[in-house]
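So the chains spell out like this:
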Amino acid sequence: MRTLVYSLILLFLCLEVSSQDLEAFDLTQEWTNSIVSKLPNDYPKLKERKKVLIFSLFTGFDHWTVPHTEAVIKGIAEKSENFDITTSKDVAMFNKENIQQFDAIVLNNNCSERDFRNLFYDVFKKELNANAAWSKAEQYETNLLQYIREGNGLVVLHGGITMLNKSKKFSELVGGSFDYHPKQQLIQVKLADKDHPILRAFDGEGFAHVDEPYFFDNAYFEFDFKPLLYMETEKIEGKNKEVSKNISYLAWIKKFGKGRVFYSAPSHNPQSYENPSILSFLLNGLLYATGDLECDDSPMKS
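Residues numbered from 1 in each chain as written. Predicted model: local features only at pLDDT ≥ 70, side-chain atom pairs only at ≥ 80, totals over all residues. Heavy atoms only, no water.

What follows is about the nonpolar core. Phe94, Phe120, Leu144, Leu173, Leu229 and Phe281 are the most contacted members of the largest nonpolar core, which totals 89 residues. Broken down by element, this core gets its largest block of residues, nine residues, from helix H8 (residues 276–289). Residue contacts for Leu173: discarding those within four places in its chain leaves Leu144, Leu145, Ile148, Leu154, Lys254, Phe256 and Val261. (Core = buried A, V, L, I, M, F, W, Y, C linked by side-chain atoms within 4.5 Å. Buried < 20%, exposed > 50% of the residue type's maximum accessible area, 1.4 Å probe, protein only. Helix = DSSP H or I, 4+ residues; strand = E, 2+ residues; numbered from the N terminus. Contact = heavy atoms within 4.5 Å.)

This is the structure:
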């Protein structure tokens, strides 16, 4: 019922805003507190707190939701009393020494420049020649891949998938690469597995929200992940490519070596966080990434 009411509110908002782009607003502590207070209390309680890095640097497209998303993830993680949170925009967090401090990393809309789609290179090219910048960028990517492979966790939110978007290895890590998105619109999000523990807050019902409907390519078509959320492509307006399947996945989990990855395309707009079920969904995804929520993460291809 709660999800249905929220969906009706968003539908009303869409009718009021003809472009379906929701209005941006400044982040305030009052807003953050109001969102975090909506987190339901049915989350697991850990005996030992985990250390999590929320990384919010972007060098390309500026998603206005970056500070809001950081505040919400930090807020719900701390309210759960399960995590010690560090926030940063410094790529030095990915060097071999620093990265090992954390049990999981959250990539928050880390869009890179269009030319190379490599956030590490975008940073290093400002201080090094091209060859040295690429060498250092490749080392930092290797650090991240090894860090997850050894048993740590990764949460990738919305545009965070574009951080190293032209890298085959990063695509295989995350479960796909960003291809494109049509205009913002009301998306009817469906549950791929109504009984999955990460989705339990939705009570078996999908939800509607205004967002950019993301489409993916590269490793996505290997379907080496356990799907969580999807949309029906026939209902999406403005596609610029023919889509062979009516189902396109929007969120998933996957193993990578001994580590775990949680990806969620929602949301481009902080207004989506007003849905308490989405807050639980994101917290459960973080718990999965740190290895503290046991669930089926078998890939589709199996």
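Quick look at the sheet that holds strand S1 (residues 50–55) now. Here we have nine strands laid out as an open sheet, ordered S2-S1-S3-S4-S11-S10-S9-S6-S7, and mixed in their pairing. The open sheet is flanked by strand S2 (83–88) and strand S7 (207–211), the only strands paired with a single partner. Strand-to-strand twist of the sheet, defined as the mean angle between neighbouring strand axes without regard to direction, takes the value 20°. In terms of strand pairing, strand S6 (residues 185–191) meets S7 through five bridges, oriented antiparallel. When the bridges of S7 are listed, Leu186 appears paired with Val210. Sheet strands touched by helix H3 (residues 66–79): S1, S2, strand S3 (104–108) and strand S4 (153–157). Its angle to S2, the strand with the most contacts, is close to 165°. (Pairing = 2+ DSSP bridges. Axes fitted to C-alpha atoms, helices over the stretch in contact; angles between N-to-C directions.)

Of the volumes computed, that of the largest pocket is approximately 320 Å³. Taken together, 18 residues line the largest pocket, and the ones lying closest to its centre are Phe215, Phe216, Tyr220, Phe221 and Val243. Every element with two or more residues in the lining of the largest pocket is listed here: strand S5 (177–180), strand S8 (215–217) and strand S10 (247–256). For the lining of the largest pocket, the class distribution of residues is ten nonpolar, three polar and five charged. Phe61, Arg114, Arg117, Phe178 and His181 are the residues nearest the centre of the second largest pocket, which is lined by 15 residues in total. (1 Å grid on protein atoms, 1.4 Å probe; cavity = no way out; pocket = protein on both sides within 12 Å on 5 of 7 lines; lining within 4 Å. Points joined across faces, edges and corners; volume = space filled by probe spheres on them. Nonpolar A, V, L, I, M, F, W, Y, C, P; charged D, E, K, R; others polar.)

Moving on to the packing of H3 against H8. The geometry of H3 relative to H8 is characterised by a closest axis approach of 10 Å and an angle of 75° between their N-to-C directions. In terms of axis orientation, H3 runs roughly perpendicular to H8. Of H8, the residues touching H3 (which contributes Val72, Ile73, Ile76 and Ala77) are Leu279, Leu282, Leu283 and Leu286. Here the contact of H3 with H8 is built from residues that sort into eight nonpolar, no polar and no charged. (Parallel < 35°, antiparallel > 145°, perpendicular 65-115°, else oblique.)

Time to look at helix H6 (residues 130–149). Its 20 residues give H6 an end-to-end C-alpha distance of 28 Å, which sits within 8% of 28 Å, the value for a rise of 1.5 Å per residue. Those residues of H6 that fall on the buried side of the exposure criterion are Ala133, Ala137, Tyr140, Glu141, Asn143, Leu144, Leu145, Tyr147 and Ile148. Taken from the residues just after H6, Gly151 is the one with a positive phi, measuring 130°. (Expected span 1.5 Å × (residues − 1).)

Taken from the UniProt record, the annotation "domain: ThuA-like" (unreviewed entry) applies to residues 51–289. Overall, residues 51–289 shows 27% helix and 26% strand. The separation of its end C-alpha atoms is 12 Å. (UniProt positions renumbered as here; feature names shortened; annotations may be inferred.)

Let us now look at the packing of aromatic side chains. Under the criterion given, the structure shown has 29 aromatic pairs. For the pair Tyr180 and Phe215, a centre-to-centre distance of 5.3 Å together with 10° between the ring planes defines the contact as stacked. With Tyr180 in strand S5 and Phe215 in strand S8, the pair connects residues that are 35 residues apart, well separated along the chain. As far as burial versus exposure is concerned, Tyr180 and Phe215 are alike and both buried. Ring geometry for Phe221 against Phe223: centres 6.3 Å apart, planes inclined by 90°, an arrangement best described as edge-to-face. Classification of Phe221 as exposed rests on a relative accessible area of 53%. (Phe/Tyr/Trp six-rings, centres within 6.5 Å; stacked < 30°, edge-to-face > 60°.)

Below, the discussion takes up the pairing of strand S9 (residues 226–232). Consecutive side chains of a regular strand alternate in pointing toward one face of the sheet and then the other. Most of S9 sits inside the fold, with seven of its seven residues counted as buried. Pairing of S6 with S9 involves two bridges; the strand directions are antiparallel. Opposite Leu191, over in S9, you have Leu229 as the bridge partner. Alignment of S9 against S10, held across six bridges, turns out to be antiparallel. Bridging across to S10, Pro227 finds its partner in Trp252.

Moving on to the side chain of Asn143. By the secondary structure assignment, Asn143 is in helix H6. In this structure Asn143 comes out as buried when scored by relative accessible area, which is 6%. Polar side-chain contacts of Asn143 include one of 2.8 Å to the side chain of Gln139. When residues no more than four places from it in sequence are discounted, the contact partners of Asn143 are Phe94, Asn95, Lys96 and Ile99. (Polar contact = N/O pair within 3.5 Å; in protein donor to acceptor, adjacent residues only side chain to side chain.)

Moving on to the pairing of S10. For S10, the tally of buried residues reaches eight of ten residues, placing the bulk of the element in the interior. Two strands pair when backbone bridges link them, and S10 and strand S11 (residues 259–264) are joined in this way by six bridges, in the antiparallel orientation. Bridge assignment links Ala251 to a residue of S11, and that residue is Ser264. Taking the residues between adjacent antiparallel strands as the criterion, S10 and S11 are bridged by two residues, where Gly257 takes a positive phi near 60°.

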